[in-house]
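# Inside the fold
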Amino acid sequence: MIQEPTLSASEAAAELGVSLATLYAYVSRGMVRSIAEPGRRQRRYAAADIRRLARKSEPETAPPPLYWGQPVLESAITLVAGGRLYYRGRDAVRLAESATLESVAGLLWTIAADDPFAAPVAPLPPVAARIAAEAANLPPLERAMAVLPALGVEDDRALARSAAGLQRTGVRLLRWLTAMMLRRPASAAPAHEDLAEAWGAPGPGADLLRRALVLCADHELTASTFAARIAASTGASPHAAVAAGLAALNGPLHGGLSARTGTFLELVLGAADARRLVVERLQHGEDLPGFGHTLYPAGDPRGQHLLDRIVATLPDGPELAVARTLVETVFDLTGERPTMDFALVLAARLIGLPPEAPLAVFALGRSVGWMAHVMEQYAAARLIRPRARYVGPQP
C-alpha cells in the first residue's frame, strides 16, 4: 500500500506560515488530518491537506461559512470585532467590572419595563423535581439535560411567546438551572451569590464568579448557540432549545474544553519543569488546551480580564506563580495567550471550587445568551435549514 505523504508538525506549520498552536487548531476543526505512523512517536500531518490550505487562491483559502468563515445569519445581540467582545454594543469586559449576570440578561433580552427578576421564585414542578432528585449523582450538565424535557412539559407558562412572556421564562430557566447545578432549591439571589454560598467562596471568590458569569453570557454564534437557535427555529420550546445548547456545550471541543484545560493545568502544576513539559507536548504534536483563540489573535480579552483579577485579588501562592510561568512560557514558544477556559479553570482551582465548577459557570452564564438568541430566532420566524455542497459520487 502506498503511504500518504506527511509532514512533521514544524514542517507543516512552516509551510502554512502559522504557529504550532494554529496548526493544532486546524486539526481540531477537521481542516488537517493528524496521522500516527508506525515507528514514529510524534504524529504527522497530511501533506495534501497542508498544501491545500497553503494555496493562495481565495476560493481555496477562505474558510467555509460553517467553519469560522463568513457570517451565516444576522443578529443584533453580540459582536466580536477588533479583539473585543460587545453585548448589544457595550464592551463585555467593562460590563464585568460591576454588572451581574441578571443585569446582563436585562441587556441581552432588552428588558424595558417590568423587571422579570422581581417575580417570586417558582419551585421546580413535581415531575421535574423528582427527576432532579433521581439524577442528583450525575454531573451538573447531564443532570440539567435530564430535567429540561420534563420542564418543557410542565412549565405551561412558557407557552407565552410575547417578549415579556419569554423574559419571564428566561428567569425561571436561569433560576432552575442554577438550582439543578447546585442540587438545592431555586433562589431569588443573584446567580454568583448562590454559587459562592454553595461552594464556600465568599469575598474575592464571589466577585470572580460574578465576572466570569458576565463574560460567559454570550459569544456570538458558537456551536451551542447555533444548536439552540436551530431548535428555536423549528418552534421548539425554550426548554428544548436550551437543552440543545447544553448538549452541544458538553462536547470536548466546546464547553468540555474546560476539563481538558484542567487536566493540562494539573500536569503543569505537578511537573518539575513547566517549560520542559510544554516543549515536549509541542514536540509530540499535542495541543495546549486553554491557549489561543481563533477570534482573538492578540489574546482573549475575557481570559485576560479574569487573570488580571486573579492576580490582583488572590494571594500569590506557588500555584499562581507556576500558572503565570506557564502563561509566559506558552507565549514565548507559540505566541498564544490564555483563553477564558484557562482563566476560569485557574480561578476555580485557586478559590477551591469543585472540579465541575468551571463548566457549570460556563453553562449558567451562556444560558442567558441562549435565551437571547431563542427570543431573536422566534422573532425572525424562519426555519434554519442550510444546504450541503454535495461532494460524493455522482448518480
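Since the model is a prediction, treat every value here as computed from it, not as a measurement. (Residues numbered from 1 in each chain as written. Predicted model: local features only at pLDDT ≥ 70, side-chain atom pairs only at ≥ 80, totals over all residues. Heavy atoms only, no water.)

## Digging into helix α9 (residues 163–182)
Relative to the 28 Å expected for 20 residues at 1.5 Å per residue, α9 spans 29 Å between its end C-alpha atoms, a close match to the ideal helical length. Buried residues dominate α9, accounting for 17 of its 20 residues. Looking one or two places after α9, you find Arg 183, whose phi comes out positive at around 55°. (Helix = DSSP H or I, 4+ residues; strand = E, 2+ residues; numbered from the N terminus. Expected span 1.5 Å × (residues − 1). Buried < 20%, exposed > 50% of the residue type's maximum accessible area, 1.4 Å probe, protein only.)

## Details of the side chain of His 219
Tracing the backbone shows His 219 in the loop between α11 (204–216) and α12 (223–233). Within polar-contact distance, the side chain of His 219 engages the side chain of Tyr 296 at 2.8 Å. (Polar contact = N/O pair within 3.5 Å; in protein donor to acceptor, adjacent residues only side chain to side chain.)

## Examining the sheet that holds strand β1 (residues 6–7)
Spatially, three strands are ordered β1-β3-β2 in an open sheet, and the strand pairing comes out antiparallel. Sheet topology places β1 and β2 (34–35) at the edges, where each strand pairs with a single neighbour. Note: β2 against strand β3 (residues 44–46), two bridges, orientation antiparallel. Note that in β3 the partner of Ser 34 across the bridge is Tyr 45. Across the sheet, helix α3 (residues 47–54) lies against β1 and β3, angled at about 60° from β3, the strand it touches most. (Pairing = 2+ DSSP bridges. Contact = heavy atoms within 4.5 Å. Axes fitted to C-alpha atoms, helices over the stretch in contact; angles between N-to-C directions.)

## A closer look at the pattern of salt bridges
Side chains that differ in charge, positive against negative, can pair when their charged atoms come close. Overall, the coordinates contain 20 salt bridges when judged by the stated rule. Two residues, Arg 33 and Asp 49, come together in a salt bridge whose shortest N-O distance is 2.8 Å. You can see Arg 33 sitting in the loop between α2 (20–28) and β2 and its partner Asp 49 sitting in helix α3, a full 16 residues away along the chain. Given a relative accessible area of 40%, Arg 33 falls into the partly exposed group. Taking relative accessible area as the criterion, Asp 49 reaches 10% and is therefore assigned buried. (Salt bridge = Lys/Arg side-chain N within 4 Å of Asp/Glu carboxyl O.)

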